[in-house]
Number of protein chains: 4
Amino acid sequence: MTFYSDNAAAPCPEVLAAIAAAAPATVSGYDGDPISARLDAAFAEVFGQACTVLPVGTGTAANALALATMVPPYGAIVCHQDAHIQVDECGAPGFFTGGAALMLVPGAAGKLTPEGIATALLPHRGDVHQVQVRALSLTQATEAGTVYTPAELAALGDHARAQGWRVHLDGARFANAVAHLGCHPGDISCRAGVDILSFGTIKNGGLSAEAIVVFGPDLVADLKFRRKRAGQMPSKGRFQAAQLLAMIEGGTWLRNAARANAGAQAIAAAAGDRVMHPVEANEVFVQLRPGEPERLRAAGLGFYDWGAAGSGEARFVVAWDTPDADIAALAALLAG
Amino acid sequence: MTFYSDNAAAPCPEVLAAIAAAAPATVSGYDGDPISARLDAAFAEVFGQACTVLPVGTGTAANALALATMVPPYGAIVCHQDAHIQVDECGAPGFFTGGAALMLVPGAAGKLTPEGIATALLPHRGDVHQVQVRALSLTQATEAGTVYTPAELAALGDHARAQGWRVHLDGARFANAVAHLGCHPGDISCRAGVDILSFGTIKNGGLSAEAIVVFGPDLVADLKFRRKRAGQMPSKGRFQAAQLLAMIEGGTWLRNAARANAGAQAIAAAAGDRVMHPVEANEVFVQLRPGEPERLRAAGLGFYDWGAAGSGEARFVVAWDTPDADIAALAALLAG
Amino acid sequence: MTFYSDNAAAPCPEVLAAIAAAAPATVSGYDGDPISARLDAAFAEVFGQACTVLPVGTGTAANALALATMVPPYGAIVCHQDAHIQVDECGAPGFFTGGAALMLVPGAAGKLTPEGIATALLPHRGDVHQVQVRALSLTQATEAGTVYTPAELAALGDHARAQGWRVHLDGARFANAVAHLGCHPGDISCRAGVDILSFGTIKNGGLSAEAIVVFGPDLVADLKFRRKRAGQMPSKGRFQAAQLLAMIEGGTWLRNAARANAGAQAIAAAAGDRVMHPVEANEVFVQLRPGEPERLRAAGLGFYDWGAAGSGEARFVVAWDTPDADIAALAALLAG
Amino acid sequence: MTFYSDNAAAPCPEVLAAIAAAAPATVSGYDGDPISARLDAAFAEVFGQACTVLPVGTGTAANALALATMVPPYGAIVCHQDAHIQVDECGAPGFFTGGAALMLVPGAAGKLTPEGIATALLPHRGDVHQVQVRALSLTQATEAGTVYTPAELAALGDHARAQGWRVHLDGARFANAVAHLGCHPGDISCRAGVDILSFGTIKNGGLSAEAIVVFGPDLVADLKFRRKRAGQMPSKGRFQAAQLLAMIEGGTWLRNAARANAGAQAIAAAAGDRVMHPVEANEVFVQLRPGEPERLRAAGLGFYDWGAAGSGEARFVVAWDTPDADIAALAALLAG
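Given the structure is predicted, the values throughout are model-derived calculations rather than measurements.

1. A look at the interface of chain C and chain A
Reasoning step 1: Each side of the interface is counted separately: chain C has 15 residues, and chain A has 15 residues.
Reasoning step 2: For the pair chain C and chain A, the summed buried area comes to about 1100 Å², and 48% of that belongs to carbon and sulfur atoms.
Reasoning step 3: On the chain C side of the contact with chain A, Asp88, Cys90 and His129 of chain C bury the most area, a combined 39% of that side's loss.
Reasoning step 4: Where chain C touches chain A, the interface holds 2 salt bridges.
Reasoning step 5: The closest approach of N and O atoms between Arg125 of chain C and Asp88 of chain A, which form a salt bridge, is 2.7 Å.
Reasoning step 6: Where chain C meets chain A, there are 8 residue pairs in polar contact (both at pLDDT 80 or more).

2. What about the interface of chain C and chain D?
Reasoning step 1: Between chain C and chain D, the contact holds 47 residues from the first and 47 residues from the second.
Reasoning step 2: Where chain C abuts chain D, roughly 3600 Å² becomes buried across the two surfaces, and 60% of that area is made up of carbon and sulfur atoms.
Reasoning step 3: Three residues stand out in chain C for area buried against chain D, namely Phe95, Arg229 and Lys236 of chain C, and they jointly supply 21% of the buried area on that side.
Reasoning step 4: At the surface where chain C touches chain D, the tally comes to 0 salt bridges.
Reasoning step 5: At the surface where chain C touches chain D, the tally comes to 24 residue pairs in polar contact (both at pLDDT 80 or more).
Reasoning step 6: Mapped by element, the contributors of at least two residues to the side of chain C that touches chain D are α1 (13-21), α3 (59-68), α5 (92-97), α9 (220-229) and α10 (238-248) of chain C.
Reasoning step 7: Of the residues forming the side of chain C that touches chain D, the biggest block, 4 residues, is contributed by α5 of chain C.
Reasoning step 8: For the side of chain C that touches chain D, the class distribution of residues is 24 nonpolar, 15 polar and 8 charged.

3. Some words on the sheet that holds strand β1 (residues 52-56) of chain C
Residue and element names in this part refer to chain C.
Reasoning step 1: An order of β1-β7-β6-β5-β4-β2-β3 is seen for the 7 strands of this open sheet, with the pairing classed as mixed. The sheet terminates laterally at β1 and β3 (101-105), the two strands that pair on one side only. Within this sheet the neighbouring strands show an average axis-to-axis angle of 25 degrees, counted without direction.
Reasoning step 2: With 5 bridges connecting them, β1 and strand β7 (residues 210-214) associate as antiparallel partners. Within β7, the position partnered with Val53 by the bridge is Val213.

4. Focus on the domain arrangement of chain A
Residues and elements named next belong to chain A.
Reasoning step 1: Each assigned domain of chain A is listed with its residue range as follows: domain 1 (12-250) and domain 2 (253-335).
Reasoning step 2: The C-alpha-based centres of domain 1 and domain 2 are spaced at 27 Å.
Reasoning step 3: Listed by partner, the interface residues are 27 residues for domain 1 and 19 residues for domain 2.
Reasoning step 4: Across the domain 1 to domain 2 interface the summed buried area is about 1800 Å²; carbon plus sulfur atoms make up 53%.
Reasoning step 5: One can count 2 salt bridges joining domain 1 with domain 2.
Reasoning step 6: Glu283 serves as the salt-bridge partner of Arg173, at 3.4 Å between the closest nitrogen and oxygen.
Reasoning step 7: Seen at the junction of domain 1 and domain 2, the total is 12 residue pairs in polar contact (both at pLDDT 80 or more).
Reasoning step 8: Of all the elements in the fold, those that place two or more residues in the side of domain 1 that touches domain 2 are α1 (13-21), α8 (174-181) and α10 (238-248).
Reasoning step 9: At 6 residues, α8 tops the list of elements feeding residues into the side of domain 1 that touches domain 2.
Reasoning step 10: Its residues placed into classes, the side of domain 1 that touches domain 2 shows 15 nonpolar, 8 polar and 4 charged.

5. Some details on the environment of Pro234 of chain B
Reasoning step 1: Summarising the element assignment, Pro234 of chain B is placed in the loop between α9 (220-229) and α10 (238-248).
Reasoning step 2: For the pair Pro234 of chain B and Asp31 of chain B, spaced 203 residues apart in sequence, the C-alpha to C-alpha distance is 8.4 Å.
Reasoning step 3: Excluding residues within four positions of it along the chain, Pro234 of chain B makes contact with Gly57 and Thr58 of chain A together with Tyr30, Arg227 and Gln240 of chain B.

6. Side note on the relation of the copies chain C and chain A
Reasoning step 1: Laying chain C over chain A is done by rotating through 180 degrees and shifting 0.0 Å along the axis; what remains is an RMSD of 0.0 Å. Such a turn and shift between the copies fits a two-fold axis. The rotation axis passes nearest to the C-alpha of Gly99 of chain C in chain C, at a distance of 2.0 Å.
Reasoning step 2: Residue by residue, 100% of the interface of chain C is reproduced at the interface of chain A, so both copies engage with the same surface.

7. Points about the packing of aromatic side chains
Reasoning step 1: A complete count under the given rule lists 62 aromatic pairs over all chains for this structure.
Reasoning step 2: Put simply, the rings of Phe43, Phe47, Phe174, Phe199, Phe215 and Trp253 of chain A pair up and form one aromatic cluster.
Reasoning step 3: The aromatic ring of Phe303 of chain D is capped on one face by Arg297 of chain D, whose charged end is 4.0 Å from the ring centroid.

8. Description of the side chain of His84 of chain A
Reasoning step 1: Structurally, His84 of chain A is set in helix α4 (residues 84-87).
Reasoning step 2: Setting aside chain neighbours within four positions, we find His84 of chain A in contact with Glu89, Glu143 and Asp170 of chain A.

9. Focus on the pattern of salt bridges
Residue and element names in this part refer to chain A.
Reasoning step 1: Enumeration over the complete set of coordinates arrives at 68 salt bridges over all chains.
Reasoning step 2: Across the pair Arg173 and Asp6 runs a salt bridge, and its minimum N-O distance is 2.8 Å. Of this pair, Arg173 sits in the loop between β5 (166-171) and α8 while Asp6 sits in the segment before α1, placing them 167 residues apart in sequence. The pair formed by Arg173 and Asp6 is uniform in burial state, with each residue classed as buried.
Reasoning step 3: Of the charged contacts in the structure, one is a salt bridge between Asp187 and Arg191, with a shortest N-O distance of 2.9 Å.
Reasoning step 4: A residue is classified by how much of its surface remains accessible, and Asp187, at 24% relative accessible area, is partly exposed.
Reasoning step 5: Each of Asp6, Arg173, Glu283 and Arg315 takes part in a single network of salt bridges with overlapping partners.

The rules behind these values
Residues numbered from 1 in each chain as written. Chains lettered and ligands numbered in written order. Predicted model: local features only at pLDDT ≥ 70, side-chain atom pairs only at ≥ 80, totals over all residues. Heavy atoms only, no water. Contact = heavy atoms within 4.5 Å. Buried area = accessible area lost by both parts, 1.4 Å probe. Salt bridge = Lys/Arg side-chain N within 4 Å of Asp/Glu carboxyl O. Polar contact = N/O pair within 3.5 Å; in protein donor to acceptor, adjacent residues only side chain to side chain. Helix = DSSP H or I, 4+ residues; strand = E, 2+ residues; numbered from the N terminus. Nonpolar A, V, L, I, M, F, W, Y, C, P; charged D, E, K, R; others polar. Pairing = 2+ DSSP bridges. Axes fitted to C-alpha atoms, helices over the stretch in contact; angles between N-to-C directions. Domains from an automatic or database assignment. Least-squares fit on C-alpha atoms with pLDDT ≥ 70 in both. Phe/Tyr/Trp six-rings, centres within 6.5 Å; stacked < 30°, edge-to-face > 60°. Lys NZ or Arg CZ within 6 Å of the ring centre and 35° of its normal. Buried < 20%, exposed > 50% of the residue type's maximum accessible area, 1.4 Å probe, protein only.

Structure below.
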């Protein structure tokens, strides 16, 4: 019974079937095959806006490539202090941008606000002695398992636009956010001012494809060269394209995410007021009681301690394929 | 009937089966799963030497990461003027190394020699005003479809060692070289002084995994961080590991390569003295006659013109899955 | 009457004379002239330890080159949150290192402590998902105008060594620190575990030369290439060497610094308990009273507001050539 | 008697006087002083076009910064195969651009032509698999001591514009070219399509200032940040500005260059038909006779062998301050 992360889950049947179906040889490699040719239109259908889709192999690559195309080497990127690009990507933004800096902003429940950003940047200057903010990177669903509302995102997008910044959205769990909100996918991406979305599938039943979804047409040409140069353009690109199509066509992505979200709700209900942040996606952060971590592990549950050492905080992540019985077992233990 | 490249071929059944078998969820992501845990030992068995294996998604990533760990930003890499790292990777070595230069050396039939390298570097100096050669990058099989003998490679390795350079081998078609030579894989890699091998599978029946095989233990720690930072460490890494194991365990890689090589021999035999380089792998370069390109294409054959515009040169690549009938058809047309 | 910064002061007569004396043509450019040839020995005499001295044109270049030779691109550098390398160098460390990160640590009165660093790094991990600390960058005198004691620096150096980090010291105002402590220059550099010192002269009566003083011989070769590559190796390098020699030979650097420090003491005495940090170098931070900034400026005094907008904090910097009358005028106004 | 290079010559009296005159303290550092404030207008007067002037400390910095602002990291720069940026700057363009490549083009007498460039780039493609040419870097006077005519430069500028490339001119010896041609400085810079000129003074009687002269206003903002970030913005920038003004105001630059050019003509006349390239600036390349290098050196002459080892080629560079007697001595020996 493992609640470590959704990143080691099984790929869903739709994705596996799509890979098998894409197996026959094609005439052209790279993005020249018929499956890859369908990507842009399929995503435009989902988002209600023309876009360009560039598949890559990891979320780290999606995020770092997106940011590199938005900011110069002397640029800076505003993000939450707990953002994945800061905490878990080994400095990839610094590598891909040629040395741009992340400007870390705190925010409750994993969320940024225009006011919080403005306050954090008060000492920052626009002269040549300092790096220059050129992009805002948001995460949806957030690292705290919460979800920005369309209005919250739009306000952040407006704030960024007013400063002349581009907007990146790390959507490793974007599907969980859409499933939670029940909104149109465009409401929390292109319509909220997002220029580039890192659209994740791997945590949500995918196998090896994430999508860089570019809504800002001026960014496309640059990004294509950067992607190739980064070794993120596989010759058999049809297998990434096929996975992405399998996720979005027929609604697989939302079904998988809804299932994971529901599991998180069940766990949250059991944990009651010990839940540390609103549970709006597929992650539950719980303040455990003394001795409880040991009891849970003794019962066969795998999960990560969170927060500062000894804090007693724990993170439980539900994947699209987490067995109902495992969820029930965890819930029972937490409620007990 | 397509002879454009082996890079859009179908994945072989062994690889597809391995992906399906790796589907069930694992406890740990990244390289923490049981399949990934088998990689080092499996490759050590093949090469007869301890090594560390880091899967990545493209040959470009394998090459550029290997080089970045070998040379400082002010370094230089000696390679053939037609090397893939120079011609077809959008400057990836420059990106990954932080700006190191490629020093291009000519050489007949795609091959370098110690003498050729020494001559080309005669004007080069060791003072601080010039970039400093720190690595030699070779390609096996070469871009001309030829294969270095173990003795040729060992001589190049010795030359590099004598200068204090590390040695990288771009083995996108390494399997074809081993199949041609019938040698031990170590004879044209670790035993010939190669520090890091880019072991390709994608052109040889793989789907999305190449292996960085590191024989120099001092290079491993640095490379692991660079790989993560480059977005080349997927959370579901077990699918790359499974593909690599499917290729090398049971000899799939050599069977696939031998089949492609045999097809190239059939085409070469038909082309006779119009073949431009010794055909030792799965590529055939042919000097076509006036009007012949058009006739071949009218017959339904797909292939790339090669060399300078109007030269009449053509490249035919045979993949592991190129139908016998297609090969026979091409051979008949060339012989006609 | 300007107390903005010491960075626009006049060069001292010794430096101007040295430049004039270096004017005649030499046989060899770059570092091949007789003046440059004296640098290493002259600094070794000052520091009591063999060292290699590489002149550069700015403190930013000195700092960034030093750090680039200490940390890999996936590395991180621990520094005070107010460090010049973070606040006023437009991200130069990110550029020169290829994207390494600064890890900002708070600390009272501009100083770091081993305990403060350890606490700040508690959440930091050594796995491949995070950048890796490889260097500690300290500033002496600090950005708050305070000075680390030899014991404080040695403790920080020990802490760094114990973690396997290299130690960089930003000594833009190193002379002021030595003048304040009355210690041997080695006591707060090489003897305290510093690998590379950015030895500043420009703020202390120099014109256009800062020295990278390398105590770690293993770092020299790499640094020389990086310096050239960064455009920091002028062909008429003798003029930078001459300035550096003019500063250290005959004690000019300590005389100039002592004079500036004394001016700061006079101002601090006048400001009394409104001084915000111990005044140990040539900078005085004062909590002004409402209306006082306007009164001072009306009296013809130039200085920077400091801290958050509206805080009423001000910074006064005394240069080696600030007129006594100006210092007295400021002191009288503050005491009034 | 040294003819090694003009890069170790004495600074001229005008420059030394300007440095002395700039000594008094100023209110603001960096570019905020009254001397720096005069730069743009003074250069606009010389070039007959509005421009922005950014002083730096070396020609390498001027060149690399200029190129970095013109090409993306996946870009390429066309230059002569003997260009200083390729041969003698330790790969600085690769560092400053984030890994862009130089595309080396051969050309007689150190010159490029539109036809030569077009031929060299024939195999180059515009797809994402290759780096993309975005700039042409020319050198005036060339590395062979020749000078492009205004018409030659304009044709190259037109060729670049037609491809969508920016144009950089390495003018380490720009003054010698203008003195030779007797043209308006704008005729071989802004009026010929040059976007950024590296205007050299150090080889021509300067001490430590080169000027990046930007004619393309869209490039200025980016360049200012890159300059600071590269540690090329000294706080006492007034000393670089003063040197630049001393060179261009009053015609010092052209007088110095004319004197050096004249010396080269005297040497060329003596060498007769052994001169290898037209002598149009201050460099003379001579095919020496067997035994002649030894005889010249025995007579006390310092100079560099050139070309391949054993070729007998020699380079003689005349500086603005090379004594007439030395020139006469060399001429007599060559004519003898």
